[in-house]
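Structural overview
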Amino acid sequence: KNIVNVSEQNQTMPILGHVLLEFKEGVCFLTASDLEVQVSYTYKAGVTEDVRVTVPARKFSDILRSLETEDVTFEVTPKDIVIKSGKSKFRVSALNPDDFPIITDDISDCIKIDSEALLKLVNSTSFSMGYQDARHFLNGLYIEFSQSDITAVATDGHRLACSLRACDLSSPEKTCIVPRKCINELKRILSSFNGINEILTEISISSKNIQFCMHGYTLLSKLVEGNYPDYEKVFPVGDESKLIVDKNEFNTALSRASVLSNEKYRGIRLSLNKDLLKIEANNPEKESAEEEIKVDYSGPELEIGFNISYLQESLTTIKDLSAEIVFFGQESSCIVKNKENEDLIHVIMPMRL
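This is a predicted model, so every value here is computed, not measured.

1. With respect to the sheet that holds strand β9 (residues 140-145)
- Read across the open sheet, the nine strands follow the order β12-β9-β10-β11-β24-β23-β22-β16-β20; overall the sheet is antiparallel. With partners counted over all chains shown, the strands left at the sheet margins are β12 (174-179) and β20 (296-297), one partner each.
- Examined bridge by bridge, strand β16 (residues 241-246) and β20 share two bridges and lie antiparallel to one another. Each residue of the ladder has a partner; that of I244, found in β20, is D296.
- Across the sheet, helix α3 (residues 180-191) touches β9 and β12, and the angle it forms with β12 is around 85°.

2. Quick look at helix α2 (residues 115-123)
- Buried within α2 are the following residues: S115, A117, L118, L119, L121 and V122.
- Capping the start of α2 is the job of one residue whose side-chain oxygen sits 3.2 Å from the backbone nitrogen of E116: D114.

3. Considering the sheet that holds strand β21 (residues 302-307)
- Across the sheet, which stays open at both edges, the four strands sit in the order β19-β18-β17-β21 with antiparallel pairing between neighbours. Two strands lie at the open edges of the sheet, namely β19 (288-294) and β21, each paired on one side alone. Sheet twist, expressed as the average angle between the axes of neighbouring strands with direction ignored, equals 20°.
- With six bridges joining them, strand β17 (residues 267-273) and β21 adopt antiparallel strand pairing. Looking across to β21, one finds that L272 is bridged to L302.
- Most of the contacts of helix α4 (residues 247-258) go to β19, to which it runs at about 170°, and overall it touches β17, β18 (276-282) and β19.
- Against the sheet, helix α5 (residues 308-317) makes contact with β17 and β21, and its axis sits at roughly 85° relative to β21, the strand it touches most.

4. Looking at unusual backbone geometry
- Residue L35 is not a glycine yet carries a positive backbone phi of 80°.
- As for its position among the elements, L35 is in the loop between β2 (27-33) and β3 (37-44).

5. Focus: the packing of α2 against α3
- At a minimum axis separation of 10 Å, α2 and α3 run at an interaxial angle of 135°. Considering their axes alone, α2 and α3 lie oblique with respect to each other. Note on packing geometry: the crossing formed by α2 with α3 is left-handed. Across the interface between the two elements, S115, L118, L119, V122 and N123 from α2 touch I183, L186, K187, L190 and S191 from α3.
- A per-class count over the contact of α2 with α3 returns six nonpolar, three polar and one charged.

6. Quick word on the environment of L223
- Mapping L223 onto the fold places it in the loop between β15 (217-222) and β16.
- Sequence spacing of L223 and G26 is 197 residues, and the spatial spacing of their C-alpha atoms is 33 Å.
- Leave out the neighbours within four places in its chain, and L223 touches C176, I177, V178, P179, I205, S206, S207, K208, N209 and I210.

7. Regarding a nonpolar patch on the surface
- Nonpolar side chains collect at one region of the surface, where L64, F74 and V76 lie side by side and expose about 210 Å² of accessible area between them.
- Mapped onto the fold, L64 is located in helix α1 (residues 57-66).
- A relative accessible area of 35% places L64 in the partly exposed class.

8. As for the side chain of S7
- Along the chain, S7 falls in the segment before β1 (18-24).
- For S7, the contacting residues outside a window of four places in its chain are L16, G17, H18, V19, A32, S33, A57 and R58.

9. A short note on the nonpolar core
- Counting residues in hydrophobic clusters, the biggest one holds 53 residues, and the most contacted among them are F145, I203, F212 and M214.
- Per-element accounting of this core gives the leading share, five residues, to α3.
- Each residue touching I203, except ones within four places of it in the same chain, is listed here: D109, C110, I111, I113, L118, F145, I210, Q211 and F212.
- In this structure, V245, L277, I304 and V336 belong to the second largest nonpolar core, which totals 30 residues.

10. Concerning the packing of aromatic side chains
- Applying the stated criterion to the full structure yields nine aromatic pairs.
- Taking the centre distance of 6.3 Å and the plane angle of 40° together, the rings of F23 and F74 count as tilted. Note that F23 is positioned in strand β1 and F74 in strand β5 (residues 73-76), a separation of 51 residues in sequence.
- Since its relative accessible area comes to 8%, F23 is described here as buried.
- Judged by relative accessible area, F74 falls into the partly exposed class, the value being 31%.
- An aromatic cluster is built from Y41, Y43, F193 and Y217, whose rings are joined through pairwise contacts.

Parameters at a glance
Residues numbered from 1 in each chain as written. Predicted model: local features only at pLDDT ≥ 70, side-chain atom pairs only at ≥ 80, totals over all residues. Heavy atoms only, no water. Pairing = 2+ DSSP bridges. Helix = DSSP H or I, 4+ residues; strand = E, 2+ residues; numbered from the N terminus. Contact = heavy atoms within 4.5 Å. Axes fitted to C-alpha atoms, helices over the stretch in contact; angles between N-to-C directions. Buried < 20%, exposed > 50% of the residue type's maximum accessible area, 1.4 Å probe, protein only. Polar contact = N/O pair within 3.5 Å; in protein donor to acceptor, adjacent residues only side chain to side chain. Parallel < 35°, antiparallel > 145°, perpendicular 65-115°, else oblique. Left-handed = near helix turned anticlockwise from the far one by under 90°. Nonpolar A, V, L, I, M, F, W, Y, C, P; charged D, E, K, R; others polar. Patch = residues over 30% accessible without salt bridge, like charges linked within 9 Å, V, L, I, M, F, W, Y side chains within 5 Å. Areas by Shrake-Rupley, 256 points an atom, 1.4 Å probe, with all protein chains shown as cover. Salt bridge = Lys/Arg side-chain N within 4 Å of Asp/Glu carboxyl O. Core = buried A, V, L, I, M, F, W, Y, C linked by side-chain atoms within 4.5 Å. Phe/Tyr/Trp six-rings, centres within 6.5 Å; stacked < 30°, edge-to-face > 60°.

Below, the structure is given as structure tokens:
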């Protein structure tokens, strides 16, 4: 399943809907590609013959998942492949494996990082990536490698997520923009691992591509071209007013209020005074919702609007029981922090309500 998701049912290139299946010297190689992202999986299969064939990705995956026994045999011809298991038999079409497009790159430098740390880094930022934005460089995750840490940044122009992980890197400093699809596939693969804390991911970068190698998987992707904006300029400055709130209580109150928020704009009004937070939502049908929760707040009275989804997605990535939200006035963005982790920062722009 971690392979077939990359495949695309492309009418102009039917081969992209297939997986390349290779048996060579007792090792099985599975490869899928959409010309931008390529994922491969390698494992020892104990097969003596060398075989190279393509199979329809979705059908092949569905057939293997439906089988009741793990004993599977393949009979390969130039035009099709027969899959047998127990009393089941399937014949699926095959295409010429020589037509399968393979992305290759001579990538030498390698950075090793703990897979669990990489997954946390990506999960805490990637939700803020742009989606089909005309500013194509926003449709990905910006990664900055220095000798002491890795920084990941994502923004869609309305919010920004920035997270930093300390690690010892021997390679020179590098930056790149990794496309959304590659990041989603990376999360899918890393999330499927048992004992992820014992697995290392090797990251290699060239001028055009990035490659992740982990536990039999090789994920190779073209990089997004362009210059990423100076994200540090997005961080608000000025007089700070800090709010400490129980993350789960706040998230639950937002969920209740969201039922009657404007379905299109998802706006929510937060009203703050000493140790009290009022949450208000309304919609064009003149329906409204109000929630009040006790908080730790000692700043000036403040009314400010936000997109409720942006707040909730930030809260979801915070692992601590309480969240710290720093306000800089009614017109400025706020910062959402993990109280126990200063290296995780989310910036959310306000909404006019």
